[in-house]
Amino acid sequence: MRIWLDGELRDADSARVSVFDHGLTVGDGIFETVKAVDGRTFALTRHLDRLTRSARSLGLPDPDHDEVRRACEAVLDANPMPLGRLRITYTGGHGPLGSDRGEHGPTLLVALGETTRRPDSTAVITVPWTRNERGALAGVKSTSYAENVVALARAHEQGASEALFANTVGQLCEGTGSNVFVVLDGELHTPPLASGCLAGITRALTAEWTGAKETDLPLDVLERAEEVFLTSTLRDVQAVHRVDGRELPGTPGPVTAKALRIFEERSRQDLNP
């Protein structure tokens, strides 16, 4: 495995980040996960734009898009695989052990891991913890990911692949690494960005291509929605067949199936929408 770290490709054994890197010591960093099919990225421009938005939210310097593109291309060329998870990590760099940043500049790391196509449907749970829609990290794809790790572990314990959060006012928000859509009276809805959810790339494309409405939704909408599905970089559009103890159809419902079909067709037509 060859990994890009601070300007060059390195072997996995020699790709080492300082123990004083702010991304490690205080979670001062951001990241993007990009789908790569046969060495070709999907929606890379949108991912880089979001990386920049996240950097600005944290007060990090804007990432150099040309450098990140070179890094992605080098890593993909060095590690051929049919379906990959391309991970771009950008941190505050070498710094003190406290919250103050150092003067060394950011760290850029690009790595690739092989993955497989997700199942057509999955089970999810809701969790008692909330997203803070008014917090400093609301909508930021930060490396401060511990609450997602905790929630996802809870989901796995209960035979699910994802955990869904409400926000502090009880509205449906998002999953640990996905956005959520629901069907009500045959119409497709997803929580608005004001709910505190991440501005997911797949979420945005799905909403644009299907005409889904951004709607404030109470968490208990999951108890009555006709269909539920998740979107994310590696899930694309994935039906949900169980929410907590509630069983939904084992195959994608008509609205979900249409959204899945549209996403597959449009994403094949344009790799950089």
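Owing to the predicted nature of the structure, the values given are computational and were not obtained by experimental measurement.

1. Concerning the pairing of strand β9 (residues 172–175)
Here comes step 1: Judged from the three bridges that link them, strand β8 (residues 162–167) and β9 form a sheet pairing that is antiparallel. Residue pairing across strands places Ala166 opposite Leu172, the latter belonging to β9.
Here comes step 2: Here β8 hands over to β9 after four residues, with Gly170 in that stretch at a positive phi of 85°.

2. Structural notes on the layout of surface pockets
Here comes step 1: The calculated volume of the second largest pocket comes to roughly 400 Å³.
Here comes step 2: Around the second largest pocket sit 18 residues that line it, and Lys35, Val37, Asp236, Ser267 and Arg268 are the ones nearest its centre.
Here comes step 3: Elements with a minimum of two residues in the lining of the second largest pocket: β3 (29–37) and α6 (254–269).
Here comes step 4: Ranked by residue count, the leading element in the lining of the second largest pocket is α6, at four residues.
Here comes step 5: In terms of residue class, the lining of the second largest pocket is made up of six nonpolar, three polar and nine charged.

3. Some details on the state of the cysteines
Here comes step 1: Inspection of every chain in the model, using the stated rule, returns zero disulfides.
Here comes step 2: Cysteine Cys173 is unpaired, with the sulfur of Cys197 as its nearest cysteine sulfur at 5.4 Å.

4. Topic: the environment of Phe31
Here comes step 1: Among the secondary structure elements, Phe31 is positioned in strand β3.
Here comes step 2: Look at Phe31 and you get buried, because its relative accessible area is 5%.
Here comes step 3: Each C-alpha atom of the pair Phe31 and Ser142 lies 6.3 Å from the other, and the pair is 111 residues apart in sequence.
Here comes step 4: What Phe31 contacts, discounting residues up to four positions off in sequence, is Leu51, Arg87, Ile88, Thr89, Lys141, Ser142, Thr143 and Tyr145.

5. Overview of the nonpolar core
Here comes step 1: Residues Trp4, Ile30, Cys72, Leu86, Ile88, Leu108 and Val110 are the most contacted members of the largest nonpolar core, which totals 24 residues.
Here comes step 2: If you list the elements that add at least two residues to this core, you get β3, α2 (44–58), α3 (65–78), β5 (83–91) and β6 (107–114).
Here comes step 3: At six residues, α3 tops the list of elements feeding residues into this core.
Here comes step 4: In contact with Val110, other than residues within four places in its own chain, are Ile3, Trp4, Ala71, Cys72, Val75, Leu86, Arg87 and Ile88.

6. Describing the packing of aromatic side chains
Here comes step 1: In this structure the tally under the stated criterion is four aromatic pairs.
Here comes step 2: Consider the rings of Phe181 and Phe229, whose centres lie 4.9 Å apart with planes at 10°: the pair is stacked. Placement of the pair is Phe181 in strand β10 (residues 179–184) and Phe229 in strand β13 (residues 227–232), with a sequence separation of 48 residues.
Here comes step 3: Looking at Phe229, the relative accessible area reads 0%, which means it is buried.
Here comes step 4: Pairing Trp209 with Phe263 gives two aromatic rings, centres 5.5 Å apart and planes at 50°, and the pair type is tilted. Residue Trp209 is found in helix α5 (residues 201–210), and its partner Phe263 is found in helix α6; the two are separated by 54 residues along the sequence. Neither Trp209 nor Phe263 differs from the other in exposure class; each is buried.

Each value, and the rule that gives it
Sequence order sets the numbering: in each chain, residues are counted from 1 along the sequence as written. Local features in this predicted model are restricted to residues of pLDDT 70 or higher, and side-chain atom pairs are both shown and tallied only at a pLDDT of 80 or more, whereas totals for entire chains, interfaces and linings draw on every residue. Note: side-chain values were computed over all heavy atoms of the structure, leaving out hydrogens and water. When DSSP finds two or more bridges between a pair of strands, those strands are recorded as paired. Working definition: helices are DSSP H or I runs of at least four residues, strands are E runs of at least two. Numbering for both runs from the N terminus. Lining residues are those with an atom within 4 Å of a point, where the points come from a 1 Å grid over the protein atoms alone and group into cavities, where a 1.4 Å probe fits but cannot get out, or pockets, open sets with protein on both sides within 12 Å along at least five of seven lines. Grid points are joined across faces, edges and corners, and a volume is the space filled by probe spheres set on the points. Residue classes follow a fixed rule: Ala, Val, Leu, Ile, Met, Phe, Trp, Tyr, Cys and Pro count as nonpolar, while Asp, Glu, Lys and Arg count as charged, and any other residue, Gly among them, counts as polar. Counting rule for disulfides: a pair of cysteine sulfur atoms within 2.5 Å. Here the term buried applies to any residue with accessible area under 20% of the maximum for its type, exposed to any over 50%, and partly exposed to those in between, with areas from a 1.4 Å probe on protein chains only. The contact definition used throughout considers only heavy atoms, calling two residues in contact when any of these lie within 4.5 Å. The criterion is simple. A nonpolar core is a set of buried Ala, Val, Leu, Ile, Met, Phe, Trp, Tyr and Cys residues joined through side-chain atoms within 4.5 Å. Aromatic rings from Phe, Tyr and Trp, with only the six-membered ring used for Trp, were paired whenever their centres fell within 6.5 Å, and each pair was classed as stacked if the ring planes differed by under 30 degrees, edge-to-face if by over 60, and tilted otherwise.

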